[in-house]
Amino acid sequence: MSAPTRATARPPAPAAVIRRPPRVSNVTARVVMAGTGTVFTLFVVVHMVGNLKVYLGREHFDDYAHWLRTLLEPLMPYEGVLWVLRVVLAVSLVAHLGCGALLWRRARRARGPFRRRRLGWRTFSARTMPVTGIVLLLFLVFHVLDLTTGTAPAASSGYDRETAATSAAYENLVASFDRPAVSAFYLLAMAVLGLHLLHGLWSVVNDLGVTGQRSRQVAAVAGGTVAGLVFLGNASIPVAVLVGVVS
Ligand code: HEM
């Protein structure tokens with residue numbers, strides 16, 4: 001029997017893998033998500049408070065639409081502040097979508113074929129973030145065509161474009177929600193928004209590095225309260241139009 005041969009040659013050294021740091025680090029992407037998410041949260045809360053003016057009557061609601069456009073006049077031109085807000089929201093949206101997609105792709109690649117088995121409400125809202133985000137994006141496109149630009153078929157046939165910004169805001173809103181399918185879509189979108197906010201606000205708390213158990217509990221309750229109030233406040237409006245409380 002021949003003696004076992006000893007390997008004399010060493011296996012070739014693996015080629016050095018030079019990994020360049022990604023252009024946008026995960027930390028930067030998370031900070032952008034948290035910052036832009038906070039901008040959106042502030043916007044939806046303020047927007048909901050403005051929307052609730054519909055319960056004060058036609059005049060209050062139309063005055064509010066007009067006031068939005070004449071803010072800081074004559075220092076700013078007509079709709080000046082509104083346009084600043086639109087640009088801030090548009091830039092935030094692009095950054096939020098871009099960083100969200102980036103983090104989602106990296107997390108998927110890092111996780112490989114392994115998926116978390118436990119399915120609580122938190123895992124559910126976390127896992128559905130990309131889907132709820134896309135639904136919200138579709139809602140936003142529909143919503144702007146419906147109530148801001150008055151573009152068919154999203155807008156109702158009764159949309160008054162001429163005086164939409166001054167004396168027809170209330171009328172246009174009621175004409176839109178008088179369509180049950182559109183109201184149902186708004187209700188669905190508000191539920192999706194609630195779910196997205198619930199996890200989004202929880203992520204902001206984590207990104208800020210809140211670690212104390214008590215502080216995390218308080219933050220979870222605060223985030224849930226904001227998400228719940230935004231859902232209830234907004235969802236009440238199409239329901240109020242459908243049952244005739246707002247007409
Ligand atoms: C039932 C819930 C909602 C109602 C009743 C509502 C109502 C309105 C109305 C009446 C306008 C037109 C305002 C004007 O031109 O003076 C408007 C515009 C807008 N809404 Fe909403 N909204 C709702 C939910 C949302 C949500 C959840 C978002 C964000 C995710 C949103 C984002 C916007 C944006 C971006 C505009 C356009 C503002 C502009 O460029 O003039 N809305 N909404």
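Above this text you will find the structure in question.
In this text, all values refer to a predicted model and were calculated from it rather than measured experimentally. (Residues numbered from 1 in each chain as written. Predicted model: local features only at pLDDT ≥ 70, side-chain atom pairs only at ≥ 80, totals over all residues. Heavy atoms only, no water.)

Engineer: What is the right way to look at the nonpolar core in this model?
Structural biologist: General note: in soluble globular proteins, nonpolar side chains tend to be found buried as a group. Judged by nonpolar contacts, the single largest core of 25 residues is most densely connected at Val54, Leu173, Leu193 and Val246. Sorting the residues of this core by element identifies helix H2 (58-70), helix H5 (129-148), helix H6 (169-177), helix H7 (180-207) and helix H8 (213-242) as the ones contributing at least two each. When residues in this core are grouped by element, the largest group, seven residues, is from H7. For Leu173, the contacting residues outside a window of four places in its chain are Val54, Phe61, Leu147, Ile237 and Val241. (Core = buried A, V, L, I, M, F, W, Y, C linked by side-chain atoms within 4.5 Å. Buried < 20%, exposed > 50% of the residue type's maximum accessible area, 1.4 Å probe, protein only. Helix = DSSP H or I, 4+ residues; strand = E, 2+ residues; numbered from the N terminus. Contact = heavy atoms within 4.5 Å.)

Engineer: How should the coordination of the iron atom of the ligand be read in this particular structure?
Structural biologist: Ideal geometry at a metal gives 109.5 degrees between four tetrahedral donors and either 90 or 180 degrees between six octahedral ones. Only His47 (NE2) and His143 (NE2) from the protein reach the iron atom of the ligand as donors, at distances of 1.9 to 2.1 Å. One can describe the donor arrangement at the iron atom of the ligand as octahedral, given that its six donor atoms subtend angles of 85 to 179° at the metal. Taken together, the positions of His47 in helix H1 (residues 26-51) and His143 in helix H5 put the pair 96 residues apart, joining distant regions of the chain. Relative accessible area serves as the criterion here: at 27%, His47 is assigned to the partly exposed category. (Donors = N, O, S within 2.8 Å, 3.2 Å for Na, K, Ca; no water. Tetrahedral: all angles 85-135°; square planar, octahedral: opposite > 155°, others 65-115°.)

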